[in-house]
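These are the residues of each chain, in order.
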Amino acid sequence: MPSSGRHRLTRRERAERRAAIAFVTPAVVTLAALTAAPALWVFWLSLRERLPVFGIDRFVGGAHYAFFATDPRFWSALRVTGTFTLVSVAIELVLGVAVALALRGQRIGRRTALALLLLAWALPGVVTARVFEWLYQPVAGLVNVVLGAQLNWLGDPSLALPALIAADVWRTMPFVALFCYARLLTIPPAVYEAASVDGAGAVATLRFVTLPMLAPVLLVTMLFRTLDALRAFDIMYVLTGGGPAGMTETLTVYAYRSLFQTLRLGFGSALGVVVFALVMLVAAAYLGVLRRQDRAA
Amino acid sequence: MRPIAAALAALLLLAGCSERASTDAPPTIVFKHARMFGDDPVPRLVAAFQAKHPGVRVATEALGSGADEQHQFFVINLEGAGGRGRGPGFDVMMLDVIWVPEFARAGWLLDLTAALAPGELDAHFPAAADAARWNGRVWALPWNFNAGVLYYRADLLASHDLPVPRTDEALARAVATVRDTHPKLDGYVWQGKQYEGLTCNLLEALWAHDTSLLGPDGAVLPDGARAEAGFARLRGWIERGISPAWVSAADEELTRRAFGDGRALFLRNWFYAMDLFEAEDSAVRGRVGIAPLPRARDGVAAPGATGGSLLGISRATRHPAAAIAFARYLASEEAQRVLAGGSVLPTRRALYHDPALLAKRPHLPRFHDIALAARPRPVTPAYLMLSTGVQPEASAALVGVKTPARAVADARRQLGYALRGLR
Amino acid sequence: MSRRHALVDVAVLAALLLYATPFLWQVLTSFKPEAELLRVPPLWPSRLTLAHYEVVFTQSTVPIALWNSLATGVMTTLLACALGVPAAFALATLPVPAAGGLMLAIVASTAFPQIATVSPLYLLMRELGLRDTWTAVVLADASFALPFVIWLMTRFMREVPKALSEAAALDGCGRIGTLVRIHLPLTAPGLASVALLTFLFAWNEFLFAFTFTATEASRTVPVALALFPGVFEVPWGDIAAASILASIPPVVIVIGFQRWLVRGLLAGSLTE
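Residues numbered from 1 in each chain as written. Chains lettered and ligands numbered in written order. Predicted model: local features only at pLDDT ≥ 70, side-chain atom pairs only at ≥ 80, totals over all residues. Heavy atoms only, no water.

K.L.:
What is the right way to look at the interface of chain A and chain B in this model?
P.N.:
The parts lose accessible area when they come together, and the size of an interface is often stated as this lost area. With 32 residues of chain A at the interface, the matching set in chain B holds 34 residues. With both sides pooled, the region where chain A packs onto chain B buries about 2,600 Å², and carbon together with sulfur makes up 60% of that total. Three residues, V53(A), F54(A) and Q261(A), lead the burial of chain A against chain B; their summed loss comes to 25% of the area buried on that side. Applying the counting criterion to the chain A and chain B interface returns 1 salt bridge. For R420(B), the salt bridge goes to E49(A), with nearest N and O atoms at 2.7 Å. The interface formed by chain A and chain B contains 11 residue pairs in polar contact (both at pLDDT 80 or more). Among the elements that take part in the side of chain A that touches chain B, helix α2 (residues 63–70) of chain A stands out by supplying 4 residues, more than any other. (Contact = heavy atoms within 4.5 Å. Buried area = accessible area lost by both parts, 1.4 Å probe. Salt bridge = Lys/Arg side-chain N within 4 Å of Asp/Glu carboxyl O. Polar contact = N/O pair within 3.5 Å; in protein donor to acceptor, adjacent residues only side chain to side chain. Helix = DSSP H or I, 4+ residues; strand = E, 2+ residues; numbered from the N terminus.)

K.L.:
Would you mind going over the sheet that holds strand β7 (residues 149–153) of chain B with me for this structure?
P.N.:
Pairing between sheet strands relies on hydrogen bonds along the backbone, with the strands arranged either parallel or antiparallel. Residue and element names in this part refer to chain B. The 4 strands lie next to each other as β8-β9-β7-β10, forming an open sheet whose pairing is mixed. Looking along the sheet, the strands with just one partner apiece sit at the ends: β8 (186–189) and β10 (288–291). Strand after strand, the sheet turns through a mean of 20 degrees between neighbouring axes, direction not considered. On the sheet, helix α15 (residues 364–373) packs against β7 and β10 and is oriented at approximately 25 degrees with respect to β10. (Pairing = 2+ DSSP bridges. Axes fitted to C-alpha atoms, helices over the stretch in contact; angles between N-to-C directions.)

K.L.:
It is not clear to me how the domain arrangement of chain B should be interpreted in this structure. Could you clarify?
P.N.:
Residues and elements named next belong to chain B. Domain annotation of chain B identifies domain 1 (26–146 + 306–373) and domain 2 (148–305 + 379–420). Between domain 1 and domain 2, the C-alpha centre-to-centre distance is 28 Å. Contacts between the two partners involve 23 residues from domain 1 and, on the opposite side, 21 residues from domain 2. Buried area between domain 1 and domain 2, summed over both chains or domains, comes out near 2,000 Å², and the portion from carbon and sulfur atoms is 72%. Among the residues of domain 1 in contact with domain 2, I98, N146 and F367 are the three that bury the most area, contributing 27% of the side total. Taken together, domain 1 and domain 2 are joined by 1 salt bridge. For R361, the salt bridge identified is with D275, shortest N-O distance 2.4 Å. Viewed at the interface, domain 2 and domain 1 are joined by 2 residue pairs in polar contact (both at pLDDT 80 or more). Residue assignment for the side of domain 1 that touches domain 2 shows that the elements contributing at least two residues are α4 (100–105), β4 (133–134), β6 (140–147), β11 (306–313) and α15. With 5 residues, the single largest contributor to the side of domain 1 that touches domain 2 is α15. In the side of domain 1 that touches domain 2, the residues fall into 11 nonpolar, 7 polar and 5 charged. (Domains from an automatic or database assignment. Nonpolar A, V, L, I, M, F, W, Y, C, P; charged D, E, K, R; others polar.)

So, in structure tokens, the structure goes:
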């Protein structure tokens, strides 16, 4: 007789379970070997001093992390990463919503509009970097020609980070716009009719009807975009290489240079772990907010 | 008897077969080199070598153009080759002068000491020969040479009755004087972009202040005050307007073009630029002079940094004899003479006074003297770590983001940590 | 909502055309004669030339890189789908032990930064003797894309009505049969979207490709573009031509496969 809460699996259920395991195993093994194991391994590496050129491979505990605490270059990279992420995401959200609103009522050439918009998002980051490198060229770059200026966008320490952010916003805003646009399309016209019947003007409708309905999508998009910005590598590495004077050197660039320019595998791994921790922290925070939102809804 | 004889015959045949098989296939050695300016001499040299050594074939592969990229390529291939015993895929490598100690320490280079005749390196510049040695052994063969030198517009100096500047002050005065009549002229251009070129310029500034990046006991920037003076010298040129602001993002080619188009009065660059200034279509043809770099302090020499490349052989090569023969051929007088005919400068001293070469390049003896005084960058396996660690600090000081004092302090901290416990 | 004037639509299209200017400028640059590149204004060239494309095709490593990217992109997509589709099917329809925890782990791993896993992967590839091979890049890219594939395909698979799979089971279909005959056909559009997104990701991917491919023979296009050589000065025209070539698949996808692309992107946005 089955005891409370438990029951013996039928033969069929056992077969299903075996099948389930069989179907899932290849993927799980791959992920375990190539994603999970490296995630643990990098932490282990970060506790070591590993310099293949010198044949050094020894345990140093938290020495790298302790060094970071007083390393100006680390704090600069952290600052740059933070600034890049916050400013980039903020601008993307505002522009993305604006573009989505503009596209909402589009009747003519909707596919063309989306194609023009998504092009920026779909291009490889390296192409975007090269495109903007040419746009920012001091003598013949389109930006300077249009502005009638002679600014050294990528060489001036005060201009390089804004220039980088502009390039990143260009390629990621379409992602936000698309999500908001899709959400806007699901809002039934009846809602707007009701609002206008209530005497709401355009701004009020935006504030009290449209934006609240966009909020959940905005939150999810903000999560994706923040994580992507924290992890970004290709565009800054190719566009500026982290210069000038480290003004665009994010943690990812600092880590990559340490790892593969000078083969400091322990030190570079520690920087990678910091990025990892940052990303997981942000993800956890967002998910907490999302879950609270869900429960409230 | 018959079966034994047959077996013996078969064995002999087999032995003969395998021997023939190993000597029949011509060994192909792969030579990785960076593309050279102008007329690439490598194909000619390879053809000449193959003519002399009919049993060997040489395949050449070009590297990417940036030194950093080339270094990463070598590191990833040589380091990665250690994992499974699979060779890196090349035999002879063109190595930048600063990589030799690092690669030797890592065990990626074949020790050439035994393969060379005693005194074989004496024909080369001492600085070039020293770059080939580390820890008492020889790890590469000197191939081409470079040193930092001051280029000046002889015509402009002459028309303003100015002598060739020997000191920083004289240089500043010259720039100010010539600017009176040529206000748009850039004064002194050099390489300030955040890359290896900046380290060269920084080292020259430090040496001019009688200090260096590494002290004799391995301490980083041992003399703080003098190091600050070195950093401040670079910043000072920009601050005082002697150098244009764009120098902070300039590399060799950008500055060479500026000077070669007649837009600058002084240029710090390597030897190779002279050929381009003397080219048929050059705007400054016949108007360029060369001099040692200016001094910053009385009584303290201001040497230029040495550059250039050497030929190293991968320790995992399957054809060491052929590879060594090829490398020796490339470093030989005959081959270096061909190089010298192009825009690449040889490491063999005698060629700098060779009448045939002088006919085309009369400035060679001048280079020879400057080369003798040139100083190598710190010869240590940790050089790349040093350089990539100090570059951001130097760059920050150049553009005024950090004071020289802060830059020195930060460089010391960063590099001190990176170098701790290293031999 | 009141209808919008057609002029507003045109204005929006014009604005978006302006938004695409960076890319369009690169296209124009790739056809501009060398001598006119640095002489701006005028913006429009006096004539169009194919010289830069010629240089790229005859003197650079980009053609080989295009082939490498195509091959690794297709292999990555095949591998990720081959591993991910059965897993998604199981998670959607079968009693996978600890399914909740597994799904959470998979979703969490989509957040892993590449910079953190690249050093262990480098050591792993080195140990396996896979340095500078397509295999290394494909394995790294596929494992990075796999969580997304599983996540999205699970969603699509869950939408297949249970009644259909039960009917199939009654008909004597095994699990694999159900997958192949019911779920795959019904989720084919979703799978197409996921495959497209995976290919696009693999084509654009830079960090792993840069680290695991060292020689020109195995480099993918983003790496070749990043390392595009310039002996004297930066060859802006040639780089522009190479950039355009590198952009062909993304452009084709955005124009020709837009619906699939959008479907794939939006599928991941639905909050659970």
